Amino acid sequence: RKEVEQDPGPFNVPEGATVAFNCTYSNSASQSFFWYRQDCRKEPKLLMSVYSSGNEDGRFTAQLNRASQYISLLIRDSKLSDSATYLCVVNFMTGGGADGLTFGKGTHLIIQP
Amino acid sequence: NAGVTQTPKFQVLKTGQSMTLQCAQDMNHNSMYWYRQDPGMGLRLIYYSASEGTTDKGEVPNGYNVSRLNKREFSLRLESAAPSQTSVYFCASSESRSTQYFGPGTRLTVT
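Quick summary incoming for the structure in this document. (Residues numbered from 1 in each chain as written. Chains lettered and ligands numbered in written order. Predicted model: local features only at pLDDT ≥ 70, side-chain atom pairs only at ≥ 80, totals over all residues. Heavy atoms only, no water.)

### So, the sheet that holds strand 8 (residues 70-75) of chain A
All names here are of chain A. As a reminder of what qualifies: Being paired, for any two strands, means DSSP has found at least two bridges between them. Numbering goes from the N terminus for both helices and strands, where a helix is a DSSP run of H or I of at least four residues and a strand is a run of E of at least two. In this description, a line fitted to the C-alpha atoms serves as the axis of each element, helices being fitted only across the stretch in contact, and the angle between N-to-C directions of two axes falls anywhere from 0 to 180 degrees.
Strand order in the open sheet made by the five strands is 1-3-8-7-6, with antiparallel pairing throughout. Two strands in the sheet have a free side with no partner beyond their single neighbour: strand 1 (4-6) and strand 6 (55-57). On average, each strand axis in the sheet is tilted by 20° relative to the strand beside it, whichever way the strands run. Relative to strand 8, strand 7 (residues 60-65) is paired through six bridges, and the arrangement is antiparallel. Residue pairing across strands places N65 opposite Y70, the latter belonging to strand 8.

And the structure:
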């Protein structure tokens, strides 16, 4: 079974703070991982891919823990514009069926002034 | 480049009516997808097309049909709309198993 679990939140965080959230996935054979961002009433957009060694893009850091089957997203020095829903996405490379991408239900983040 | 475009942006249907949602991409991607997004349910895959001329069912295909008209276009048809199909529909495209690019969505209400 292909499952991606996220805490739906909302996470209410003051501007300038650091916030982190995790996502767990069900299948250890999963090969690739992503974080997408979705603004209210808009389409999801790729925020960053998640690599095995962890990776950083400006204020955003993504990490992968294969042993425990979770990925995390850390946002430093949060801005009001970071308010959005963050979707965890896993490519389950199990063959057959759909193309493999499974989306979590998202974590809602609200940055407060 | 326009990326992924969808029409219409909004639609209201009565139960039993039919309609086709249109999607086109100009990124020369092989794979295209149709999702629905409902509150608390996340994105669920309806159908996908790995390449021109092929289509496959996703997680929630019942009540829908698709056509991969050519490499650019992938349409979703509701033959007899039901209130349970009230949702936001997103089309996406990708170069197989990599980043998916989404269209702006179609908000459909079935009364």
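### Considerations on the layout of surface pockets
The condition that has to hold: The distinction between a cavity and a pocket rests on a 1 Å grid over the protein atoms alone: a 1.4 Å probe fits inside a cavity but cannot get out, while a pocket stays open yet meets protein on both sides within 12 Å along at least five of seven lines, and a residue with an atom within 4 Å of a point counts as lining. Grid points are joined across faces, edges and corners, and a volume is the space filled by probe spheres set on the points. When residues are grouped by polarity, Ala, Val, Leu, Ile, Met, Phe, Trp, Tyr, Cys and Pro land in nonpolar, Asp, Glu, Lys and Arg in charged, and all others, Gly among them, in polar.
There is about 1100 Å³ of room inside the largest pocket. Elements that contribute at least two residues to the lining of the largest pocket include exactly strand 1, strand 9 (84-91) and strand 10 (101-103) of chain A together with strand 4 (31-38), strand 5 (42-49), strand 9 (87-94) and strand 11 (106-110) of chain B. Among the elements that take part in the lining of the largest pocket, strand 5 of chain B stands out by supplying four residues, more than any other. Tallied by class, residues from the lining of the largest pocket come to 16 nonpolar, 13 polar and twelve charged. Approximately 170 Å³ is the volume found for the second largest pocket.

By themselves, these observations are geometric and do not establish any function.
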